[in-house]
Amino acid sequence: MPVATPQSVIAEVPFLSPSVKEKPFTYTTSGNTNVKTEEHDIKITDLRSLPESELGDFTTDHSGFQWVKHESKLKGDELFDEEKIKNEYYPEVDAFLKKTLGARRTFIFDHTTRRAPPRGEKVEFGGGRDPARRQPGTRAHVDQTPKAGAERVFLHLGEDAERLSKGRAQIVNVWRPIRGPVRDYPLAVADYRSINPETDLQPHDLISPTRKGETYSVRYGDHQKWYYIKDQQPDDVLLLKCYESEVEPGRALLTPHTAFLNKESLTQEYEPRQSIEVRVLVFYTE
């Protein structure tokens, strides 16, 4: 029986330019930044086209990301309703992560809904600054550095933080479309096993009026392997590990990711992407 050939697309993705010599920074309110990018054409492989035997190797601990089927009770515009998100979707995510990852405790500290612009309009750099109308983020990045991930435990967990920080802690981004299929701006994720953290990752200050966080900008490397889910539907959930406290040989610590313009969509009918991502502190002790 012939073996199916994995399918892929070629897309232009902005990476951190080598010309940036100082530590990158971005002010979240004004958008002021010293970041310069350069675009590279990268091959992005469709996870749907891979054999089932290979898909099992893409987990949060092996590749940094994991594709899991999960249907939410909330549909469509309900996932733009802040009250429903916090009162109904958050508990769903908590139960889902405990079942899928074996977590004992979670704390959801952040969520973002995004809408792509109408056909023919360009996405704003970094996804735009209006928190009520965030667009897809079209630049390769990681949501947290190890420093920022460890700080999140103490920022949110109060008197339990010291104890929980001594056990295994993670930050996981739970990413799903609100409507599908996603065709215009899918999410691409890089296999942690294909990146070189020393050369590919650059700490990047994210400065808000109340605190200074730290993310990673990503430099391009032709050794990197990128993946996406073609025609991703609301029940196609991607888990992206953003932080891992227990460093072990062979364990993925994070997931570079970016939205990208899928040029194949320019000749297709589609509804502009709508998505929700929830960032969660995940603990394996009570």
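Our subject in this report is the structure included herewith. Worth saying up front: this structure is predicted, and the values here are computed from it rather than measured. (Residues numbered from 1 in each chain as written. Predicted model: local features only at pLDDT ≥ 70, side-chain atom pairs only at ≥ 80, totals over all residues. Heavy atoms only, no water.)

1. Describing the nonpolar core
Among the nonpolar cores identified, the biggest contains 22 residues, and Y89, V93, L97, V174, L239, V278 and V280 are the most heavily contacted of them. In terms of residue count, the dominant contributor to this core is helix α2 (residues 82-101) (seven residues). The residues touching V278, leaving out its near neighbours within four places in the chain, are Y89, Y90, V93, I108, D110, H111, V172, N173 and V174. If you look at the next biggest cluster of nonpolar residues, it comprises 21 residues, including A11, A190, Y192 and I195. (Core = buried A, V, L, I, M, F, W, Y, C linked by side-chain atoms within 4.5 Å. Buried < 20%, exposed > 50% of the residue type's maximum accessible area, 1.4 Å probe, protein only. Helix = DSSP H or I, 4+ residues; strand = E, 2+ residues; numbered from the N terminus. Contact = heavy atoms within 4.5 Å.)

2. With respect to helix α3 (residues 146-156)
When α3 is considered as a whole, its buried residues turn out to be A148, G149, R152 and V153. Buried positions in α3, seen along its axis, are confined to an arc of 155 degrees and lie on one side of it. Taken together, the buried residues of α3 touch β5 (105-115), α4 (161-165), β7 (169-177), β10 (212-218), β12 (236-244) and β14 (274-283). Downstream of α3 by a residue or two, G158 has a phi angle that is positive, lying close to 55 degrees. (Arc of directions from axis to C-beta.)

3. A look at the packing of aromatic side chains
Going through the model one piece at a time under the given rule, you end up with seven aromatic pairs. The interplanar angle of 65 degrees and the centroid separation of 5.0 Å between the aromatic rings of F58 and Y227 together place this pair among those described as edge-to-face. Taken together, the positions of F58 in the loop between α1 (52-55) and β4 (65-69) and Y227 in strand β11 (residues 226-228) put the pair 169 residues apart, joining distant regions of the chain. Residue Y227 is classed as buried on the basis of its relative accessible area, which comes to 11%. Look at Y228 and F260: their rings are 5.5 Å apart centre to centre, the planes differ by 85 degrees, and that puts the pair in the edge-to-face class. (Phe/Tyr/Trp six-rings, centres within 6.5 Å; stacked < 30°, edge-to-face > 60°.)

These figures capture arrangement, not role.
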